[in-house]
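Read off the chains here:
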Amino acid sequence: MKTTTRQTAEQRREAVLTAALAAFAHGGLHGTSTEDIARAAGISQPYLFRLFGTKKKLFVATIERCMAETLELFRAAAGGRRGEEALEAMGQAYAAMVAGDRTRLLAQLQAYAASDDPDVREAIRSGFGSLHLFVETVSGLGPEHVAQWFAKGMLLNVVAAMDLWGSREPWASRLLEGSMDFEHALAVGQKRS
């Protein structure tokens, strides 16, 4: 006789958030079916609504999780480092993340695209604000330097969204070289190939 282990409500909630991240990353808030998310999470659609209330609340919870995980990535990468050394470590960790698994990146981009909704806008602002505060604090650098670091990160978002890592286009190679040091760009590109 085969026995199955029942998941707790928290385990099912986690499964839904994981499935929703992947689904929303590709379909966005309006193009993603809650039916597909529920199926991927192994639960019924009515139970999904019992857990989150609405599709928009699920989207917001997914974005909040996505931004919190990015903050944890920054914290782990920075470790005890400060200043430029911390920025370099966080930048490399972020580049590896967006090049290795674009799901979190695409989910962030979908959140930016859905920011005309006030609840989504508040979630993404709050998450981005937490990232900014952490980077500003751990680097100890001024506003202009921190803004340039984030601008470079946003360029990496565009590079990763277009999946330029393995592109043979000369302009793409030059853009990659300009957005990170050459050795790092080469290493990230080779991992993607």
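Given the structure is predicted, the values throughout are model-derived calculations rather than measurements.

All right, on to the overall build of the protein then. Along the backbone of the protein there are 10 helices and zero strands. Going from the N terminus to the C terminus, the protein shows its helices and strands as α-α-α-α-α-α-α-α-α-α. The burial tally for the protein puts 41% of its 193 residues in the buried class. Across the protein, contacts joining residues at least 24 apart in sequence account for 66% of those joining residues at least 6 apart. Only carbon and sulfur atoms are counted for the fraction: they give 54% of the accessible area of the protein, which is about 10600 Å².

Take the packing of aromatic side chains next. The relative placement of two aromatic rings is captured by the distance of their centres and the angle of their planes. A complete count under the given rule lists five aromatic pairs for this structure. Centre to centre, the rings of Phe 128 and Phe 150 are 5.2 Å apart; their planes meet at 45°, and the pair counts as tilted. Pair noted here: Phe 128 is in helix α7 (residues 118-139) and Phe 150 is in helix α8 (residues 143-161), with a separation of 22 residues, a long-range link. Ring geometry for Trp 149 and Phe 150: centres 5.1 Å apart, planes at 90°, overall edge-to-face. Residues Trp 149 and Phe 150 agree in their burial class; the two are buried. Through a chain of ring-to-ring contacts, the aromatic side chains of Phe 74, Tyr 94, Phe 128, Trp 149 and Phe 150 assemble into a single cluster.

For helix α6 (residues 103-113), the set of buried residues is Thr 103, Arg 104, Leu 105, Leu 106, Ala 107, Gln 108 and Ala 111. On its buried side, α6 packs onto α1 (9-31), α4 (55-78), α5 (83-100), α7 and α8.

Our focus in this paragraph is the nonpolar core. Ranked by size, the top nonpolar core spans 57 residues in total, and within it Val 16, Ile 37, Leu 58, Phe 74, Met 90, Val 135 and Trp 165 carry the most contacts. Ranked by the residues each element gives to this core, the list is headed by α4, at 11 residues. Excluding anything up to four places from it in sequence, Met 90 contacts Phe 74, Ala 77, Ala 78, Phe 134, Val 135, Val 138 and Trp 149.

Per the stated rule, a full pass over the model turns up nine salt bridges. Here Asp 117 makes a salt bridge to Lys 56, at a shortest N to O gap of 3.2 Å. Of this pair, Asp 117 sits in the loop between α6 and α7 while Lys 56 sits in helix α4, placing them 61 residues apart in sequence. Look at Lys 56 and you get partly exposed, because its relative accessible area is 28%.

Rules behind the numbers
Residues numbered from 1 in each chain as written. Predicted model: local features only at pLDDT ≥ 70, side-chain atom pairs only at ≥ 80, totals over all residues. Heavy atoms only, no water. Helix = DSSP H or I, 4+ residues; strand = E, 2+ residues; numbered from the N terminus. Buried < 20%, exposed > 50% of the residue type's maximum accessible area, 1.4 Å probe, protein only. Contact = heavy atoms within 4.5 Å. Areas by Shrake-Rupley, 256 points an atom, 1.4 Å probe, with all protein chains shown as cover. Phe/Tyr/Trp six-rings, centres within 6.5 Å; stacked < 30°, edge-to-face > 60°. Core = buried A, V, L, I, M, F, W, Y, C linked by side-chain atoms within 4.5 Å. Salt bridge = Lys/Arg side-chain N within 4 Å of Asp/Glu carboxyl O.

None of this, on its own, says anything about what the molecule does.
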